[in-house]
Amino acid sequence: MTILKRAPLKRARGMFLASVLAATTMSASAQPQGNEAADLFSFSAGAWILSAPEDTPMPQMDSSPLNLIDGSAATDWTGEVGEAVFVLELAERTELSRIAFDTAGLNRNQKAPNQFVVEVSESGPDSGYEQVLGGALKMAQNGQSFAFKPEDRPTARWVRLTILNNHGDDYQGFTGFHGYGRQLSQGATMPDLTGKYDGASGLGRINITDSDAGVTGCYEWQQGEFKGVVDGRVLKLQMHQRENGERLNGVFQLVPGEQKLVGLVRTEGSAHRDAYADYYSAEKQGNRANTC
């Protein structure tokens, strides 16, 4: 299935909605420490996975690379054994204070990564990388945290994680990759989202109106409607499907360089806190929204 990335200087447009919009649920390792900011590697913070192993497509939510940054320790990336490389683009230039991993919750503990390397770059997604961390991970343990000394904290806009091997299984996987620190810039934003979109693989026709008061719109599937805010390069939505009465929360971004919205959506309620219902996407077809 498919459904559907602005607040100037990190201030959400339509602040009247901000308190009721559900952000991604943080695992134990993702909880901030002291005055530390939230997980800056998370999808809800505007991080995007630019590249990942080809054997695990983004929309395949039972094994998607997005499960590493969805804020839930109950979902995992799973891929073929062997070297696996992930490249994250962060929303802002960031000074990192620590990096953490979750490896619990897999169907087989031996799938967990063993040796790994983390590199960072400020030059671009394909160049300028310097190694800042390397080591080994334990099986079945969340919150494996690696802190940098204050004088050695690296600065990054792009982060490259390489998994070198695992603990012996025929497949490999883990449930969370987290980064903490402070953002050194505040320039992340989104273009005006107003328009009509084709979400044929999940939502049908989608119409979005984007204004200073917030984002509103509707989609064809189950006579859905939504409202929300844009914060940096993240769109946070409350969704209501009138035909079946279901209420959902969604977090969306624009794919870098494309007119394509992608998002993670979960059903409202405490029973659904730890996992997303689905991945959605929608391609922009025009700059005028239709009525639903």
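Up top is the structure.
The notes below deal with the structure included here. (Residues numbered from 1 in each chain as written. Predicted model: local features only at pLDDT ≥ 70, side-chain atom pairs only at ≥ 80, totals over all residues. Heavy atoms only, no water.)

### What to know about the overall build of the protein chain
Then comes step 1: Helices and strands together make up the secondary structure of the protein chain, namely 0 helices and 17 strands.
Then comes step 2: By residue count, 54% of the 292 residues in the protein chain fall in the buried class.
Then comes step 3: Accessible area for the protein chain stands at about 12600 Å²; split by element, carbon and sulfur atoms hold 44% of it. (Helix = DSSP H or I, 4+ residues; strand = E, 2+ residues; numbered from the N terminus. Buried < 20%, exposed > 50% of the residue type's maximum accessible area, 1.4 Å probe, protein only. Areas by Shrake-Rupley, 256 points an atom, 1.4 Å probe, with all protein chains shown as cover.)

### Focus: the layout of surface pockets
Then comes step 1: Computed from the structure, the second largest pocket encloses a volume of approximately 230 Å³.
Then comes step 2: Along the wall of the second largest pocket there are 16 residues; nearest its centre are Arg205, Asn207, Glu220, Thr291 and Cys292.
Then comes step 3: Listing elements by their share of the lining of the second largest pocket, those giving two or more residues are β10 (195–199), β11 (204–211) and β12 (214–219).
Then comes step 4: Its residues assigned to classes, the lining of the second largest pocket comprises 5 nonpolar, 6 polar and 5 charged. (1 Å grid on protein atoms, 1.4 Å probe; cavity = no way out; pocket = protein on both sides within 12 Å on 5 of 7 lines; lining within 4 Å. Points joined across faces, edges and corners; volume = space filled by probe spheres on them. Nonpolar A, V, L, I, M, F, W, Y, C, P; charged D, E, K, R; others polar.)

### Here we look at the packing of aromatic side chains
Then comes step 1: Scanning all chains against the criterion turns up 10 aromatic pairs.
Then comes step 2: Centroid distance Phe101 to Phe174: 6.2 Å. Interplanar angle 45°. Geometry classified as tilted. Taken together, the residues Phe101 in strand β3 (residues 84–102) and Phe174 in strand β8 (residues 171–174) connect sequence positions 73 residues apart. The pair Phe101 / Phe174 is uniform in exposure class, with both members buried.
Then comes step 3: Relative to Phe146, the ring of Phe116 has its centre 5.4 Å away and its plane inclined at 65°; by these criteria the two rings are edge-to-face. Of this pair, Phe116 sits in strand β4 (residues 115–121) while Phe146 sits in strand β6 (residues 144–147), and the two are 30 residues apart along the sequence.
Then comes step 4: Residue Phe116 is classed as buried on the basis of its relative accessible area, which comes to 1%.
Then comes step 5: Taken together, the ring pairs in this structure connect Phe41, Trp77, Phe86, Phe101, Phe116, Phe146, Phe174 and Phe177 into an aromatic cluster.
Then comes step 6: The ring of Tyr180 carries the charged tip of Arg98 above its face, separated from the ring centre by 4.1 Å.
Then comes step 7: Sitting over the ring of Tyr129, Arg160 keeps its end group 4.0 Å from the ring centre. (Phe/Tyr/Trp six-rings, centres within 6.5 Å; stacked < 30°, edge-to-face > 60°. Lys NZ or Arg CZ within 6 Å of the ring centre and 35° of its normal.)

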